[in-house]
Amino acid sequence: AYLNLWMQSDTDDILDALYQDWAGTAIQTPEIYSFYKTIKTDFPETVFHGTDVGHQYHTTGERYLAYLKENGMEQSEAYRLTKEVIEQGKYYYDHADDVYRENTMTKNFIKEFDRMEHTSVMGIYGSLHTNLSGTTYNTSLPCMANQLSKRYGTSLHTEDLSLLALTVEPSRTDRMFIGEKEYEALYYGSQDLSSIFEGYLYREFWRLVDAYDDFKSCKTTGDLLPYNNYPMLIEQGEILVIDYTKKDGTVERQYHRSDGNMWNGVEITEEFILP
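Please read these numbers as outputs of a predicted model, since none were measured by experiment. (Residues numbered from 1 in each chain as written. Predicted model: local features only at pLDDT ≥ 70, side-chain atom pairs only at ≥ 80, totals over all residues. Heavy atoms only, no water.)

Draft legend 1. Focus on the overall build of the protein chain. On a plain count of helices and strands, the protein chain comes out with eight helices and eight strands. For the protein chain, the spread of C-alpha atoms along the principal axes amounts to about 70 × 40 × 40 Å. Across the 275 residues of the protein chain, 37% fall into the buried class. By sequence separation, contacts in the protein chain at least 24 residues apart represent 57% of the contacts at least 6 residues apart. Seen as two clouds, the 24 positive and the 45 negative side-chain charges of the protein chain have centres 4 Å apart. (Helix = DSSP H or I, 4+ residues; strand = E, 2+ residues; numbered from the N terminus. Buried < 20%, exposed > 50% of the residue type's maximum accessible area, 1.4 Å probe, protein only. Contact = heavy atoms within 4.5 Å. Lys, Arg positive; Asp, Glu negative; His and termini not counted. Charge placed at Lys NZ, Arg CZ, Asp CG, Glu CD.)

Draft legend 2. View of the layout of surface pockets. Taken as a whole, the second largest pocket encloses approximately 440 Å³ of empty space. Contributing to the lining of the second largest pocket are 24 residues, with D160, Y227, N228, V266 and E267 lying nearest its centre. The residue inventory of the lining of the second largest pocket, partitioned by class, reads 11 nonpolar, 10 polar and three charged. (1 Å grid on protein atoms, 1.4 Å probe; cavity = no way out; pocket = protein on both sides within 12 Å on 5 of 7 lines; lining within 4 Å. Points joined across faces, edges and corners; volume = space filled by probe spheres on them. Nonpolar A, V, L, I, M, F, W, Y, C, P; charged D, E, K, R; others polar.)

Draft legend 3. Geometry of the nonpolar core. Membership of the largest hydrophobic core comes to 18 residues, with the highest contact counts inside it found for L3, W6, L18, Y36 and F48. Secondary structure elements with two or more residues in this core: helix 1 (2-7), helix 2 (13-21), helix 3 (30-42), helix 4 (57-70) and helix 5 (77-95). Contact partners of Y36, with chain neighbours within four places excluded, come to L3, W6, L15, W22 and F48. Judged by nonpolar contacts, the second largest core, of 14 residues, contains I178, W206, V241 and Y255. (Core = buried A, V, L, I, M, F, W, Y, C linked by side-chain atoms within 4.5 Å.)

Draft legend 4. Layout of unusual backbone geometry. For E117, which is not glycine, the phi dihedral falls at a positive 60°. Considering the arrangement of structural elements, one finds E117 in the loop between helix 6 (98-114) and helix 7 (144-152). In this structure, D210 takes a positive phi of about 55° despite not being glycine. If you trace the backbone, D210 turns up in the loop between strand 3 (200-208) and helix 8 (212-215). Residue classification places D210 among the exposed residues on the basis of a relative accessible area of 72%.

Draft legend 5. Spatial organisation of the packing of helix 2 against helix 4. For the pair helix 2 and helix 4, the least separation of the axes is 9 Å and the interaxial angle reads 150°. Comparing the axis directions of helix 2 and helix 4 gives the class roughly antiparallel. The residues of helix 4 that touch helix 2, namely those facing A17, L18 and D21, are T59, T60 and R63. A per-class count over the contact of helix 2 with helix 4 returns two nonpolar, two polar and two charged. (Axes fitted to C-alpha atoms, helices over the stretch in contact; angles between N-to-C directions. Parallel < 35°, antiparallel > 145°, perpendicular 65-115°, else oblique.)

Draft legend 6. Molecular detail of the pattern of salt bridges. For the coordinates displayed, the defined rule picks out 19 salt bridges. With a shortest N-O distance of 2.7 Å, R101 and D52 are connected by a salt bridge. Of this pair, R101 sits in helix 6 while D52 sits in the loop between helix 3 and helix 4, placing them 49 residues apart in sequence. For R101, a relative accessible area of 16% corresponds to the buried category. Of the charged contacts in the structure, one is a salt bridge between D114 and R151, with a shortest N-O distance of 2.7 Å. Linking D114 in helix 6 with R151 in helix 7, this pair joins segments that are 37 residues apart in sequence. (Salt bridge = Lys/Arg side-chain N within 4 Å of Asp/Glu carboxyl O.)

Draft legend 7. Spatial organisation of the environment of S155. Topologically, S155 is positioned in the loop between helix 7 and strand 1 (172-178). On the basis of relative accessibility, which here comes to 67%, the residue S155 falls in the exposed class. Here the alpha-carbon distance between S155 and N264, two residues 109 residues apart in the chain, equals 23 Å.

Draft legend 8. Expanded view of helix 3. For helix 3, with 13 residues, the first-to-last C-alpha span of 18 Å sits near the 18 Å given by 1.5 Å per residue. In this structure, the buried residues of helix 3 make contact with helix 1 and helix 2. (Expected span 1.5 Å × (residues − 1).)

Draft legend 9. Just the packing of aromatic side chains, in detail. Per the stated rule, a full pass over the model turns up 18 aromatic pairs. Note on Y19 and Y33: the rings are 5.4 Å apart at their centroids and 80° apart in plane angle, and the pair reads as edge-to-face. Taken together, the positions of Y19 in helix 2 and Y33 in helix 3 put the pair 14 residues apart, joining distant regions of the chain. On the basis of an interplanar angle of 70° and a centroid distance of 4.9 Å, the ring pair of Y92 and Y93 is categorised as edge-to-face. (Phe/Tyr/Trp six-rings, centres within 6.5 Å; stacked < 30°, edge-to-face > 60°.)

Written as structure tokens, this is what we have:
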């Protein structure tokens, strides 16, 4: 709703405020800002529909409520829906409940889509929500697209575009000792975790060159990481090193191996224990 106000505005004040609200998340990037600007310039007929829980309920949510109050709209459906989405966001963050979020996203999508009647829509979501046979993170519950496919059948089409955003070339080459052996370690950057995992800031990724045979027999821990969690392309027969930096400054290092295994229909790497 707030983006729709911005689409009709002569300024970018609303988008600028939203961009500040996204601080600390993965979507506060110049590319995302430019993406929205392109929509307003090139596709002015676009209408936005929100279907997620209220992630920025204490900033965007409260600011939009204030706008509605200022315009005498406290009895409107917009006000009621805003309050509802704010409560959804509060519950999700208070309980860190991914199952609740996935079910709520599905319910919100159905409500928004069915009220439009015979209109085609395009939704942009993280790939964990769009796998037609996928499950919710760390559960066996069907993800949003999986649930929606049971309602809409072949009318629903999904396409995973995450590969287009992957880093193809490493940003630098490091040297890494494991035991007494030195490996060439290709560095692929970091991912912000501050809004995803409590107590963590970010994680960094390396690929060890010609290391698979040295670790292919190491015992795995059962900790799995889907390929789409990595910022680069993953192939079978690779060794990956991941450093998790916590808010207290400590670093947890994990070693993962790509054996070509699958979990819930997606390719995964598995953490292993050093010999």
